[in-house]
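Each chain, written out:
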Amino acid sequence: MDRRTELNEFLRTRRARLRPQDVGLPEYGGRRRVPGLRREELAQLAGVSVAYYIRLEQGRGGNVSTAVLDAVATALRLTPAERDHLTNLARPAPRGVRPVVRAGASPCSEAARGRVRPALQQLIDTMENVPAYVIGRRLDIIGWNRLACALLGDFAALPPERRNLAWQVFLDPTARALYEDWDAKAADVVGYLRRDAGRNPGDPAMAALIGELSLGSPEFRRLWAAHDVQDKGFGGKVLHHPLAGRLALAYETLTLPADPDQQVITYHAEPGSPSAAALRLLASRQEKTTERTLS
């Protein structure tokens, strides 16, 4: 997870996906040694010298200005998430030391659950008909309500190191059966993880997670090598639940203003739809299971 290497590979893969005719440049004859735009062409589009762009791509750009990064991002036609990723790699912001969760802490304790604020946990607990969970850095699943466990898996029963969205998608075989379009889910998760890696360069826990995923999943290795970046926003997912059946659900992502590293993800179904009825049935079964456990 070397920042210079990440910056070099990110810019190289972004150049590779553009052709000269895509950006209004003439395509000269002859075979190209590399796909996409040459460094010289990108420098021309961005209005910087070739030597300076090469230094930037190699991670030797020094204190690169916002104007230059904007020009390069525009030339490469980067998405907003990719622009942020470029800035994080080229101009990493210093980050304070964060507390480490104590090993062996109770899975119900605030520390073991990733320091989710008690009031936030209470909020998602009141959302009895809405599956909701909280992710933190590295896509760790650090908070959840009962319906999220019923829909996506019993997070509380997992060891803390397995409460991770990327680990579940790529290394838990039940995830392939859960998501109807597993390929799209996998690509999304890698894009989210790449974004987090750019925001937190040098994170040893992130490097360990990527190493484990790379060793355990050829699909992860292929997607990670593409250097695609995404922000988790909103959209739809179709799930195949062993009890509730096929569920067409919409999801929303709420980033916490006080801690941008934490996001609340909720699922809901269209009112009056078969998926809404199935979700209510799942919530009812979960409530009855909880009542039997407490009685």
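Check the entry above for the structure.
Residues numbered from 1 in each chain as written. Predicted model: local features only at pLDDT ≥ 70, side-chain atom pairs only at ≥ 80, totals over all residues. Heavy atoms only, no water.

### A look at the overall build of the protein chain
For step 1, the next point in the chain: A tally of helices and strands in the protein chain yields 13 helices and 5 strands.
For step 2, the next point in the chain: When burial is assessed residue by residue, the protein chain has 45% of its 295 residues classed as buried.
For step 3, the next point in the chain: Across the protein chain, every contact between residues at least 6 apart in sequence was considered, and the portion connecting residues at least 24 apart equals 56%.
For step 4, the next point in the chain: Total accessible area computed for the protein chain in this model is approximately 15200 Å², and 55% of it derives from carbon and sulfur atoms. (Helix = DSSP H or I, 4+ residues; strand = E, 2+ residues; numbered from the N terminus. Buried < 20%, exposed > 50% of the residue type's maximum accessible area, 1.4 Å probe, protein only. Contact = heavy atoms within 4.5 Å. Areas by Shrake-Rupley, 256 points an atom, 1.4 Å probe, with all protein chains shown as cover.)

### Section: the packing of helix α11 (residues 204-216) against helix α12 (residues 218-225)
Geometrically, a packed helix pair is captured by the angle between its two axes and the distance between the axes.
For step 1, the next point in the chain: It is at 5 Å that the axes of α11 and α12 come closest, and there the two elements cross at 120 degrees. Our classification of the angle between α11 and α12 gives oblique. Contacts from Ile210, Leu213, Ser214, Leu215 and Gly216 in α11 reach Pro218, Phe220, Arg221 and Trp224 in α12.
For step 2, the next point in the chain: The residue inventory of the contact of α11 with α12, partitioned by class, reads 6 nonpolar, 2 polar and 1 charged. (Axes fitted to C-alpha atoms, helices over the stretch in contact; angles between N-to-C directions. Parallel < 35°, antiparallel > 145°, perpendicular 65-115°, else oblique. Nonpolar A, V, L, I, M, F, W, Y, C, P; charged D, E, K, R; others polar.)

### Observations regarding the pattern of salt bridges
For step 1, the next point in the chain: Taken as a whole, this structure holds 17 salt bridges when the rule is applied.
For step 2, the next point in the chain: Here Glu212 makes a salt bridge to Arg162, at a shortest N to O gap of 3.4 Å. Taken as a pair, Glu212 in helix α11 and Arg162 in the loop between α7 (146-152) and α8 (165-171) lie far apart in primary sequence, 50 residues in all.
For step 3, the next point in the chain: Overall, Glu212 belongs to the partly exposed group, its relative accessible area being 30%.
For step 4, the next point in the chain: Each of Arg14, Arg17, Glu82 and Asp228 takes part in one network of salt bridges that share partners. (Salt bridge = Lys/Arg side-chain N within 4 Å of Asp/Glu carboxyl O.)

### Quick notes on the packing of aromatic side chains
For step 1, the next point in the chain: Enumeration over the complete set of coordinates arrives at 6 aromatic pairs.
For step 2, the next point in the chain: Ring plane angle 80 degrees and centroid distance 5.7 Å describe the contact between Phe170 and Trp182, whose orientation is recorded as edge-to-face. Here Phe170, found in helix α8, pairs with Trp182, found in helix α10 (residues 182-199); they are 12 residues apart in sequence, far enough to count as distant. For the pair shown, Phe170 and Trp182 are each scored as buried.
For step 3, the next point in the chain: An aromatic cluster of three or more residues is present, and its members are Phe170, Trp182, Phe220 and Trp224.
For step 4, the next point in the chain: Residue placement shows Arg194 over the ring face of Trp224; its charged tip is 3.6 Å from the ring centre.
For step 5, the next point in the chain: Lying across the ring of Tyr251, Lys232 places its NZ or CZ 5.0 Å from the centre. (Phe/Tyr/Trp six-rings, centres within 6.5 Å; stacked < 30°, edge-to-face > 60°. Lys NZ or Arg CZ within 6 Å of the ring centre and 35° of its normal.)

### With respect to α11
For step 1, the next point in the chain: When the terminal C-alpha atoms of α11 are compared, their 18 Å separation across 13 residues agrees well with the 18 Å that a helix rising 1.5 Å per residue should span.
For step 2, the next point in the chain: Residues of α11 that are buried include every one of Met206, Leu209, Ile210, Leu213 and Ser214, and no others. Buried positions in α11, seen along its axis, are confined to an arc of 130 degrees and lie on one side of it. Away from the buried face of α11 by more than 90 degrees, exposed residues Pro204, Ala208 and Leu215 are located.
For step 3, the next point in the chain: Its side-chain oxygen 3.0 Å from the backbone nitrogen of Ala205, Asp203 forms the N-cap of α11. (Expected span 1.5 Å × (residues − 1). Arc of directions from axis to C-beta. Polar contact = N/O pair within 3.5 Å; in protein donor to acceptor, adjacent residues only side chain to side chain.)

### Points about the side chain of Lys185
For step 1, the next point in the chain: Along the chain, Lys185 falls in helix α10.
For step 2, the next point in the chain: For the buried residue Lys185, which engages in no salt bridge, the nearest side chain bearing the opposite charge is Asp188, 6.4 Å off.
For step 3, the next point in the chain: The contact partners of Lys185, leaving out residues within four places of it in the chain, are Leu165, Val169, Tyr179, Lys232, Lys237 and Tyr267. (Lys, Arg positive; Asp, Glu negative; His and termini not counted.)

### As for the sheet that holds strand β3 (residues 234-241)
For step 1, the next point in the chain: Pairing in this open sheet of 5 strands is antiparallel, and the strands run β2-β1-β5-β4-β3 from one edge to the other. Looking at the sheet topology across the chains shown, the edges are occupied by β2 (141-144) and β3. Taking the axes of each pair of neighbouring strands and ignoring which way they run, one obtains an average angle of 30 degrees across the sheet.
For step 2, the next point in the chain: Both strand β1 (residues 132-135) and β2 contribute to a ladder of 3 bridges, which runs antiparallel. Across the sheet, Val134 pairs through a bridge with Gly143, a residue of β2.
For step 3, the next point in the chain: Helix α6 (residues 118-126) contacts β1, β2, β4 (245-256) and β5 (259-268) of the sheet and is inclined by roughly 55 degrees relative to β2.
For step 4, the next point in the chain: Its contacts with the sheet place α10 against β3, β4 and β5, and it is angled at close to 165 degrees to β5. (Pairing = 2+ DSSP bridges.)

Any functional reading would require information beyond the geometric quantities listed.
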